[in-house]
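# Analysis of the macromolecular model
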Protein chains: 2
Amino acid sequence: MSKLKVMSAPSIRRLPSYLLVAREIQEEGQEYLSATYVANRLGFEPIQVRKDLAITGISGRPKKGYPVKELVATIEHFLRWDEEHRAIVVGAGNLGSALIGYSGFTTHGLRFVAAFDSNPAKAGQQIHGVPVLPMDELAGRVVDLKVSLALLTVPRDKAQDLTDRLVAAGITAIWNFTNCKVKAPDSVVVQNEDLSSGFAMLSVKRRLVEIG
Amino acid sequence: MSKLKVMSAPSIRRLPSYLLVAREIQEEGQEYLSATYVANRLGFEPIQVRKDLAITGISGRPKKGYPVKELVATIEHFLRWDEEHRAIVVGAGNLGSALIGYSGFTTHGLRFVAAFDSNPAKAGQQIHGVPVLPMDELAGRVVDLKVSLALLTVPRDKAQDLTDRLVAAGITAIWNFTNCKVKAPDSVVVQNEDLSSGFAMLSVKRRLVEIG
């Protein structure tokens, strides 16, 4: 999986922001949305917005812009956010709890059906309505919970072992929030979410601003 | 600030991973580290690793690779992770608590000196040793806490108001974990950390794998 090249990754990463703006405009009852408006709202160039949106297959109409309803539906369909994605959270600590409670995810079709934790005291509790199950039930529950996606929020030194167990249990997509680069078969999608990357960008931007 | 273009942003985002590998190799007592080794460990191409590392100014030695000690110091210095960055967390919910407890940050010079929360019941408590202060003390405390960086982990509808208050109080860098695109003066660095972007990438990768 690590070798899979995703073309236009930065464009894909920007789509959720466009979707957010489009949904707001849709709620306001407007029919069309221009690339210039989106660009001004988000601080991008209009040409960038047009290029990014083109990867979804939508095209704007001259002088009018994008039909808002179609734009929302097209981005959602491109990202498969118009389907339900049943997911488990492995590691029910602060980060796991924060992700389960993150309100943005519900509009992306993400549905948390269970969390797993190695602390027996947590088993039986609920986090935002999602039941916490004992970690040793992980392998046995993936099939009956009908999940293929797992969010990994365990300590770094447990990351690879749990990845192996998730893969063996039939999980085909892992969203990895540990800063350990886990290994998985090519048939399993691993998305690494390294918070250090954001801090690296922030640090470099600060230096650029200070230099002027 | 939104108009500031950071060249080679993807390269900068990968530097923390290289630093992690270099530190491990340094702990093992090895003197040199090759781009090929780093590439294999992280699933990149060696040419990519060399290009990325070149932005820090370091160059490898033929047949030997990069001197590990120098590599670690060079990346840390490039990212300013060899300095102390005093920071506050605004919003002491699950995500704020998770970020304060995230062990990776301590090695990046990030030092949390206080958290702020609008819930009076949280004031006076500690999160991983960091005191929680009442939100209405925010403006008055930024100077005496000697902080210029704030992590924003409040609900979306509070994001712009708190950004304005942080800027007025003298904060010059905001790491924004809400999915609201906040507006700030050009002199203030805003780094948006949108978890939806990662989920967009994951969704597209899954489709690519299923197509084959």
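Let's shift gears to the pairing of strand S4 (residues 110-117) of chain A. Residue and element names in this part refer to chain A. In terms of burial, S4 is a largely internal element, 7 of the 8 residues being buried. Pairing between strand S3 (residues 85-90) and S4: 6 bridges, direction parallel. Following the sheet pairing, Arg-86 is matched in S4 by Arg-111. For the crossover from S3 across helix H5 (residues 94-101) to S4, the handedness is right-handed.

This part covers the packing of helix H1 (residues 9-27) of chain B against helix H3 (residues 46-54) of chain B. Residues and elements named next belong to chain B. With their axes 9 Å apart at the nearest point, H1 and H3 run at an angle of 105° to one another. Between H1 and H3, the crossing angle belongs to the class labelled roughly perpendicular. For the pair formed by H1 and H3, the contact residues are Ser-11, Arg-14, Leu-15 and Tyr-18 on the first element and Gln-48, Val-49, Asp-52 and Leu-53 on the second.

Attention shifts here to helix H3 (residues 46-54) of chain A. All names here are of chain A. When H3 is considered as a whole, its buried residues turn out to be Val-49, Asp-52 and Leu-53. Buried residues of H3 fall within an arc of 95° about the axis and therefore sit on the same side. Counted as exposed and oriented over 90 degrees from the buried face of H3: Ile-47 and Lys-51.

Thresholds applied
- Residues numbered from 1 in each chain as written.
- Chains lettered and ligands numbered in written order.
- Predicted model: local features only at pLDDT ≥ 70, side-chain atom pairs only at ≥ 80, totals over all residues.
- Heavy atoms only, no water.
- Buried < 20%, exposed > 50% of the residue type's maximum accessible area, 1.4 Å probe, protein only.
- Helix = DSSP H or I, 4+ residues; strand = E, 2+ residues; numbered from the N terminus.
- Pairing = 2+ DSSP bridges.
- Right-handed = clockwise from strand over helix to strand, strands pointing away.
- Axes fitted to C-alpha atoms, helices over the stretch in contact; angles between N-to-C directions.
- Parallel < 35°, antiparallel > 145°, perpendicular 65-115°, else oblique.
- Contact = heavy atoms within 4.5 Å.
- Arc of directions from axis to C-beta.

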